[in-house]
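The chain contents come next:
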Amino acid sequence: METWMKVASALFLGIMVWRLWPAANHWMKNGPKGSKKEWQGAAFLLLGVVGFVILLIMMVR
Amino acid sequence: MDNYGQVATGRESALATNKVLRNTYILLSMSLIFSGAMAALAMSMQVSQGMALGSIIAAFVLVWLVLPRFENSSMGIVVVFAFTGLMGFSIGPMLSHYLAIPNGGNTVMTALGGTGVIFLGLSAYVLTTRKDFSFMGGFLFVGLLVILGAAILNIFFSVPAFSLAISAGVILLMSGFILFDTSRIIHGGETNYIRATVGLYLNIHNLFVHLLHILGAFSGDD
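First, a word on scope: everything that follows refers to the structure included in this document. Everything numeric here is computed off the predicted structure, so don't read it as measured data.

1. Some points on the interface of chain B and chain A
And then number 1: Taken together, the contact pairs 43 residues of chain B with 35 residues of chain A.
And then number 2: Of the roughly 3,800 Å² buried where chain B meets chain A, counting both sides, 87% is carbon and sulfur surface.
And then number 3: It is Trp64(B), Phe135(B) and Leu145(B) that lose the most area in chain B upon contact with chain A, and together they represent 19% of the buried surface on that side.
And then number 4: Summed over the shared surface of chain B and chain A, the result is zero salt bridges.
And then number 5: The interface formed by chain B and chain A holds zero residue pairs in polar contact (both at pLDDT 80 or more) in total.
And then number 6: Listed by contribution, the elements that provide at least two residues to the side of chain B that touches chain A are α2 (49–70), α5 (104–129), α6 (137–157), α7 (160–186) and α8 (193–218) of chain B.
And then number 7: By residue class, the composition of the side of chain B that touches chain A is 30 nonpolar, 11 polar and two charged.

2. With respect to the pattern of salt bridges
Residue and element names in this part refer to chain B.
And then number 1: Scanning the entire structure with this criterion turns up three salt bridges over all chains.
And then number 2: With a shortest N-O distance of 2.8 Å, Arg-195 and Glu-71 are connected by a salt bridge. Highlighted residues: Arg-195 in helix α8 and Glu-71 in the loop between α2 and α3 (75–90), separated in sequence by 124 residues.
And then number 3: Judged by relative accessible area, Arg-195 falls into the partly exposed class, the value being 33%.
And then number 4: Close ionic contact of Arg-195 with Glu-190 constitutes a salt bridge, the shortest N to O distance being 2.9 Å.
And then number 5: One salt-bridge network, held together by shared partners, links Glu-71, Arg-184, Glu-190 and Arg-195.

3. With respect to unusual backbone geometry
Residues and elements named next belong to chain B.
And then number 1: Notably, Gln-46 is not glycine yet its phi reads approximately 50°, a positive angle.
And then number 2: Relative to the helices and strands, Gln-46 resides in the loop between α1 (2–45) and α2.
And then number 3: Gln-46 gets classed as exposed once you look at its relative accessible area, which sits at 70%.
And then number 4: For Asn-103, which is not a glycine, the phi torsion comes out positive at approximately 65°.
And then number 5: Note that Asn-103 resides in the loop between α4 (92–100) and α5.

4. Description of the packing of aromatic side chains
Each aromatic ring pair is described using two quantities: the centre-to-centre distance and the angle formed by the ring planes.
And then number 1: As enumerated under the stated definition, the model contains 14 aromatic pairs over all chains in all.
And then number 2: Consider the rings of Trp27(A) and Phe180(B), whose centres lie 5.0 Å apart with planes at 80°: the pair is edge-to-face. Of this pair, Trp27(A) sits in helix α1 (residues 3–30) while Phe180(B) sits in helix α7, each in a different chain. Assigned by exposure class, Trp27(A) and Phe180(B) land together as buried.
And then number 3: Ring geometry for Phe60(B) and Trp64(B): centres 5.5 Å apart, planes at 55°, overall tilted. Here Trp64(B) and Phe60(B) lie together in helix α2, a separation of four residues that amounts to about one turn. Residue Phe60(B) shares its accessibility class with Trp64(B), and that shared class is buried.
And then number 4: Every member of this aromatic cluster is reached through a ring pair, and the members are Phe12(A), Phe60(B), Trp64(B), Phe83(B) and Tyr201(B).

5. Topic: a nonpolar patch on the surface
And then number 1: A cluster of nonpolar side chains, Val7(A), Leu11(A), Leu153(B), Phe156(B), Phe157(B), Val159(B) and Phe162(B), forms an exposed patch at the surface whose accessible area comes to about 680 Å².
And then number 2: Elements represented by at least two residues in the nonpolar patch include exactly α1 of chain A together with α6 of chain B.
And then number 3: Looking at which element gives the most residues to the nonpolar patch, the answer is α6(B), with three residues.
And then number 4: Tracing the backbone shows Val7(A) in helix α1.

6. Quick look at the layout of surface pockets
Residue and element names in this part refer to chain B.
And then number 1: Its boundaries defined by the atoms lining it, the second largest pocket holds a volume of some 470 Å³.
And then number 2: Around the second largest pocket, the lining is made up of 22 residues, and of these Leu-32, Gly-36, Ile-91, Leu-112 and Phe-208 lie nearest the centre.
And then number 3: Broken down by secondary-structure element, the contributors of at least two residues to the lining of the second largest pocket are α1, α4, α5 and α8.
And then number 4: The dominant element in the lining of the second largest pocket, judged by the number of residues it contributes, is α1, at nine residues.
And then number 5: Its residues placed into classes, the lining of the second largest pocket shows 15 nonpolar, seven polar and no charged.

7. Some thoughts on the nonpolar core
When a protein is soluble and globular, its nonpolar side chains tend to lie buried together.
And then number 1: Ranked by internal contacts, the top residues of the largest apolar core, which has 76 residues, are Met16(A), Phe83(B), Phe133(B), Met136(B) and Phe208(B).
And then number 2: With 14 residues, the top contributor of residues to this core is α8(B).
And then number 3: If we ignore the near neighbours within four places in the chain, the residues touching Met136(B) are Trp39(A), Ala42(A), Leu46(A), Gly176(B) and Leu179(B).

8. Examining the packing of α5(B) against α7(B)
All names here are of chain B.
And then number 1: Following both chains from N to C, one finds α5 and α7 inclined at 40°, their axes separated by 9 Å at the closest point. Considering their axes alone, α5 and α7 lie oblique with respect to each other. In terms of crossing hand, the pair formed by α5 and α7 is right-handed. Seen from α5, the contacting residues are Ile-118, Phe-119, Leu-122, Ser-123, Val-126 and Leu-127; seen from α7, they are Ser-175, Ile-178, Leu-179, Thr-182, Ser-183 and Ile-186.

So, how was this worked out
- Residues numbered from 1 in each chain as written.
- Chains lettered and ligands numbered in written order.
- Predicted model: local features only at pLDDT ≥ 70, side-chain atom pairs only at ≥ 80, totals over all residues.
- Heavy atoms only, no water.
- Contact = heavy atoms within 4.5 Å.
- Buried area = accessible area lost by both parts, 1.4 Å probe.
- Salt bridge = Lys/Arg side-chain N within 4 Å of Asp/Glu carboxyl O.
- Polar contact = N/O pair within 3.5 Å; in protein donor to acceptor, adjacent residues only side chain to side chain.
- Helix = DSSP H or I, 4+ residues; strand = E, 2+ residues; numbered from the N terminus.
- Nonpolar A, V, L, I, M, F, W, Y, C, P; charged D, E, K, R; others polar.
- Buried < 20%, exposed > 50% of the residue type's maximum accessible area, 1.4 Å probe, protein only.
- Phe/Tyr/Trp six-rings, centres within 6.5 Å; stacked < 30°, edge-to-face > 60°.
- Patch = residues over 30% accessible without salt bridge, like charges linked within 9 Å, V, L, I, M, F, W, Y side chains within 5 Å.
- Areas by Shrake-Rupley, 256 points an atom, 1.4 Å probe, with all protein chains shown as cover.
- 1 Å grid on protein atoms, 1.4 Å probe; cavity = no way out; pocket = protein on both sides within 12 Å on 5 of 7 lines; lining within 4 Å.
- Points joined across faces, edges and corners; volume = space filled by probe spheres on them.
- Core = buried A, V, L, I, M, F, W, Y, C linked by side-chain atoms within 4.5 Å.
- Axes fitted to C-alpha atoms, helices over the stretch in contact; angles between N-to-C directions.
- Parallel < 35°, antiparallel > 145°, perpendicular 65-115°, else oblique.
- Left-handed = near helix turned anticlockwise from the far one by under 90°.

Right, dumping it as structure tokens:
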């Protein structure tokens, strides 16, 4: 990647961080807190995604 | 009489939620088709990486500066198509790269199918169980900021293993955002189908791009 593209990409991602910061702050402070059971349910689903991606990797190898 | 009022209000609320959901999925499916067509156009034009980067930046300028003005009018739909078209156009060079290498077509199709299965599976889970995943909001947004910070560092250091770790993180985050965004639509947290479409489109787009990156790396093509 050329230097100007690296700088432009980094600037763009930096602006994205700056734009997302208020939303992240809002959800951290005011967002509802999940119970242990709710987090376990979400983690189970995400683990399912991990397993599926591993399966896809094995398919293309 | 009070009970009747509550039932009527509840029914109106459910109808409004279903309308948002239906409009979101209709607009999302049309914009995904358009996005795919724009990606094909970019491949046939053999656009450069610089042009692809310009396309992504233009797409986000539209979402940040133009969409908020039109999100409550029919012009918002035009902005959504412009945004998704530019995003589709931006992945043209990446698709050309993968399709040019042996077995690349298989990798691209696997990534496409995998993205579809993950999106449909997670969406179906939220829609059938009607569970509320809004508690994931703080975790997902902070995770996104961490991933963006890591991506900025990796632009300059270009460590392949770190790049794969970022892609794995993005896949998990986008999966979480699919649960979060869909749950927000069905629980009335998002009442604007244009904003909802843009959110879900970004989840699918990022999921596909990073799944392709991981599959490309592990298939020995990247």
